[in-house]
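Descriptive analysis of the structure
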Amino acid sequence: MSKRALLTALTAAAATLAPAGSATATPVCDRGEFCAWSGTDYQGAVQRLDLETANPGECIPFADDLVARSFVNNLTRDTSVFQGATCSTEAEFTTYPGKGTYVPDAPFVVRAIQVWGP
């Protein structure tokens, strides 16, 4: 495994853990959805995507110029989050596993996602 892949996996795993005693809100994000909130701790405007609205392999910028600061990946697939709305790898990006990854305070603002295939 490359250093970058290992770092991505460790970052994603660490992001799923909330500090003990934190006041993080309980997010509402159904199974099979990717949900992004404009504020940390799942607060503010929210956008929900599923496999009907997010085709695997395509760059999907958030609607209405939403800038996400927290998100949940409840899709069945891994999803990359991007700082840039064009999914450019020149800016920050990280991949998070599906089936229940909770990120109450994203390591960078997120403007787009890319869902990976089966």
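To keep things clear, this report deals only with the structure shown in the data block. The written sequence of each chain sets the order in which its residues are numbered from 1. In keeping with the predicted nature of the model, local features appear solely for residues at pLDDT of at least 70, side-chain atom pairs appear and are counted solely at 80 or more, and the whole-chain, interface and lining totals rest on all residues. Side-chain metrics rest on all non-hydrogen atoms present in the structure, leaving aside hydrogens and water.

Brief notes about the sheet that holds strand β3 (residues 59-61)
We count it as follows: When DSSP finds two or more bridges between two strands, those strands count as paired. For helices the rule is a DSSP run of H or I covering at least 4 residues; for strands it is a run of E covering at least 2, with both sets numbered from the N terminus onward. The axes are straight lines fitted to the C-alpha atoms, using for helices just the contacting stretch, and the angles between their N-to-C directions are given from 0 to 180°.
Read across the open sheet, the four strands follow the order β3-β8-β5-β6; overall the sheet is antiparallel. Where the open sheet ends on each side, the last strands, each with one partner, are β3 and β6 (93-96). Strand-to-strand twist in this sheet, taken as the mean axis angle between neighbours without regard to direction, amounts to 25 degrees. The pairing of strand β5 (residues 79-82) with β6 spans four bridges and is antiparallel. Paired with Val81 across the bridge in β6 is Thr94.

Points about the nonpolar core
Applied cut-off: Only buried Ala, Val, Leu, Ile, Met, Phe, Trp, Tyr and Cys residues count toward a nonpolar core, and they belong to the same one when joined by side-chain atoms within 4.5 Å. Relative accessibility thresholds used throughout: buried, under 20% of the residue-type maximum; exposed, over 50%; partly exposed, between the two (1.4 Å probe, protein chains only). Residue contacts are defined here by distance: any two heavy atoms, one from each residue, within 4.5 Å place the two residues in contact.
Judged by nonpolar contacts, the single largest core of 18 residues is most densely connected at Phe34, Ala36, Phe62, Phe71, Val81, Val110 and Ile113. Mapped onto this core, the elements with two or more residues apiece are β1 (34-37) and β8 (112-115). Ignoring sequence-local partners within four residues, the contact set of Phe62 consists of Phe34, Ala36, Gln47, Leu49, Ala68, Val110, Arg111, Ala112 and Ile113. Residues Cys29, Cys35, Tyr42 and Val72 belong to the second largest nonpolar core, which totals five residues.

Details of the pairing of strand β2 (residues 46-49)
The alternating pattern of β2 places Gln47 and Leu49 on a buried face, while none of Val46 and Arg48, on the opposite face, is buried. Pairing between β1 and β2: four bridges, direction antiparallel. Each bridged residue has a counterpart across the sheet, and for Phe34 the counterpart in β2 is Leu49.

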